Amino acid sequence: MMSRRADYAAATAALWSHRDPAEFTGLVRYATLAANSHNAQAWRFRQTSEGVAILPDMARALPVADSDHHHLYASLGCAAENLMLAAGAAGRAPAMEFATDGDERIEIAFGQSGSRDSLFNAILERQCTRSDYNGHPVPRADLSALEVGARVSGCQVVPIEDRAKIEQVLELILAANTAQVSDPAFAAELRSWLRFNARAAIETGDGLYSGCSGNPSLPTFLGRIMFDALFKPDAENDRYARQVRSSSGLAVIVSERDDPAHWVQAGRSYQRFALQATALGIRHAHLNQPVEVPSFRRELQSLLGLGSRRPDLVLRFGYAQPMPRSLRRPVRSVIAT
Ligand SMILES: Cc1cc2nc3c(=O)[nH]c(=O)nc-3n(C[C@H](O)[C@H](O)[C@H](O)COP(=O)(O)O)c2cc1C
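Draft legend 1. Up close: the site of the ligand. Taken together, 21 residues sit near the ligand, with Arg126, Cys128, Arg130, Asn288 and Ser326 positioned nearest. A distance of 2.7 Å separates an oxygen atom of the ligand from a polar side-chain atom of Ser326. In the complex, the protein chains occlude 90% of the 620 Å² of accessible area that the ligand would expose alone. When residues of the shell around the ligand are assigned to their parent elements, the largest contribution, 4 residues, is made by helix α3 (residues 70-89).

And the structure:
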């Protein structure tokens with residue numbers, strides 16, 4: 001009998017493999033391989049006469065960590081970006097609009113004669129890498145390529161390379177993390193999305209598998225006990241400080257306005273950043289604590305001199321070995337009729 005670990009490796013190898021982007025199900029699979037908050041996959045996809053509509057799945061929202069649904073809409077933007085890159089690879093020219101008549105949704109219409117963007121090739125390789133990095137600096141030309149690659153209208157990437165500034169942002173990350181970790185509702189919500197072993201991850205096809213973060217595999221009941229015992233501000237803060245200090249730099253995705261249409265754009269920009277980084281051999285992970293807690297978000301806004309612009313996502317980047325991949329639910333589970 002194969003071990004659970006081998007089952008997991010087989011499941012991820014099958015998932016992160018090429019599909020035909022000319023087919024609706026192929027497009028949806030590429031879309032679902034996008035980054036998304038807590039890997040909750042709070043999205044549904046509907047085939048329309050013009051193309052595809054992407055709808056929020058509020059049953060999978062995160063009421064504590066993401067009470068305003070910012071991350072949910074950003075995650076829809078990540079999926080939209082992947083879907084449009086896949087449509088381009090199939091020779092279609094996608095046009096996107098955030099529709100607010102009736103239900104809020106993303107509408108993507110396909111025109112003729114699209115072209116393949118080189119970022120499409122990175123979709124199957126991208127991952128969030130939550131390990132320590134090796135501290136090597138990213139060359140200036142690659143930093144510029146990241147900024148250019150992540151450009152979408154209404155958003156900007158603000159890189160932070162100065163070590164003193166990185167320490168100031170780290171201070172906010174740790175303070176916001178302390179607030180979140182000390183909140184029993186936050187801990188309970190996170191725990192419900194943790195998958196403590198490969199079997200649980202494969203069964204649900206969603207959530208945060210311990211192996212992706214370099215944590216040991218445990219039976220679910222024991223994982224929950226260990227989580228309750230060990231999820232404490234000091235231990236978590238030590239880990240985040242080490243991770244930030246081993247990274248080459250930080251980058252903040254910032255948008256001009258603070259509304260769902262711009263949160264979608266921020267998600268698109270981030271997904272492009274992640275794909276461009278992947279293409280350049282650069283790893284990245286999120287440190288969103290200071291944008292998730294409103295009082296710390298305002299502090300970050302003023303520290304970075306953003307005026308009224310919203311800091312959407314805080315990222316670290318650098319170099320490291322890959323970690324195990326994450327899973328997704330079957331395409332049929334996310335198709336809306
Ligand atoms: C809007 C958004 C917010 C996220 N926030 C965090 C975060 O705060 N911490 C973290 O470790 N990962 C965060 N992630 C990464 C997701 O957990 C990750 O994309 C998901 O688990 C799937 O894994 P993969 O991207 O490696 O495929 C975020 C992703 C998105 C799109």
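Draft legend 2. Structural context of helix α4 (residues 140-149). What α4 keeps buried is the set Asp142, Leu143, Leu146 and Gly149. Along α4, the residues classed as buried sweep out an arc of 130° about the axis, all on the same side. Opposite the packed face of α4, turned more than 90 degrees from it, sit the exposed residues Arg140 and Ala141. The inward-facing, buried residues of α4 abut α10 (260-279) and β10 (310-318).

Draft legend 3. Up close: empty space enclosed by the protein. One pass over the full model with this rule turns up 2 cavities of 30 Å³ or more. Counted as a void, the largest cavity has a volume near 90 Å³. What lines the largest cavity is a set of 14 residues, and nearest its centre among them are Ser37, Ala42, Arg60, Leu72 and Ser75. A per-element tally of the lining of the largest cavity places α3 first, with 4 residues. Here the residues of the lining of the largest cavity sort into 7 nonpolar, 5 polar and 2 charged. The volume enclosed by the second largest cavity comes to roughly 40 Å³.

Draft legend 4. Fine view of the sheet that holds strand β4 (residues 105-111). Pairing is antiparallel across the open sheet formed by 4 strands, whose spatial order is β1-β2-β4-β3. Single-partner strands in this sheet number two, and they are β1 (43-47) and β3 (93-99). Ignoring strand direction, the axes of neighbouring strands in this sheet form an average angle of 20°. Strand direction decides the pairing type here: strand β2 (residues 51-56) and β4, joined by 4 bridges, are antiparallel. Residue pairing in the sheet places Ile54 in a bridge with Ile106 of β4.

Draft legend 5. Molecular detail of the side chain of His70. One can find His70 in helix α3. Leave out the neighbours within four places in its chain, and His70 touches Trp263, Arg310, Asp312 and Leu313.

Draft legend 6. The arrangement of the packing of helix α2 (residues 24-32) against α3 in detail. Contact geometry for α2 and α3: axes closest at 7 Å, N-to-C directions at 140°. Between α2 and α3, the angle is such that the two are oblique. In this structure, α2 crosses over α3, and the sense of that crossing is right-handed. Here α2 contributes Leu27, Tyr30 and Ala31 to the contact with α3, which in turn contributes Ala79, Asn82, Leu83, Ala86 and Ala87.

Draft legend 7. Molecular detail of the layout of surface pockets. There is about 190 Å³ of room inside the second largest pocket. Val64, Ala65, Glu292, Val293 and Pro294 are the residues nearest the centre of the second largest pocket, which is lined by 17 residues in total. At the level of secondary structure, the elements contributing two or more residues to the lining of the second largest pocket comprise α3, α5 (163-181), α11 (289-292) and α12 (294-303). Its residues assigned to classes, the lining of the second largest pocket comprises 7 nonpolar, 4 polar and 6 charged.

Cut-off values and rules
- Residues numbered from 1 in each chain as written.
- Predicted model: local features only at pLDDT ≥ 70, side-chain atom pairs only at ≥ 80, totals over all residues.
- Heavy atoms only, no water.
- Near = heavy atom within 4 Å.
- Polar contact = N/O pair within 3.5 Å; in protein donor to acceptor, adjacent residues only side chain to side chain.
- Areas by Shrake-Rupley, 256 points an atom, 1.4 Å probe, with all protein chains shown as cover.
- Helix = DSSP H or I, 4+ residues; strand = E, 2+ residues; numbered from the N terminus.
- Buried < 20%, exposed > 50% of the residue type's maximum accessible area, 1.4 Å probe, protein only.
- Arc of directions from axis to C-beta.
- Contact = heavy atoms within 4.5 Å.
- 1 Å grid on protein atoms, 1.4 Å probe; cavity = no way out; pocket = protein on both sides within 12 Å on 5 of 7 lines; lining within 4 Å.
- Points joined across faces, edges and corners; volume = space filled by probe spheres on them.
- Nonpolar A, V, L, I, M, F, W, Y, C, P; charged D, E, K, R; others polar.
- Pairing = 2+ DSSP bridges.
- Axes fitted to C-alpha atoms, helices over the stretch in contact; angles between N-to-C directions.
- Parallel < 35°, antiparallel > 145°, perpendicular 65-115°, else oblique.
- Left-handed = near helix turned anticlockwise from the far one by under 90°.

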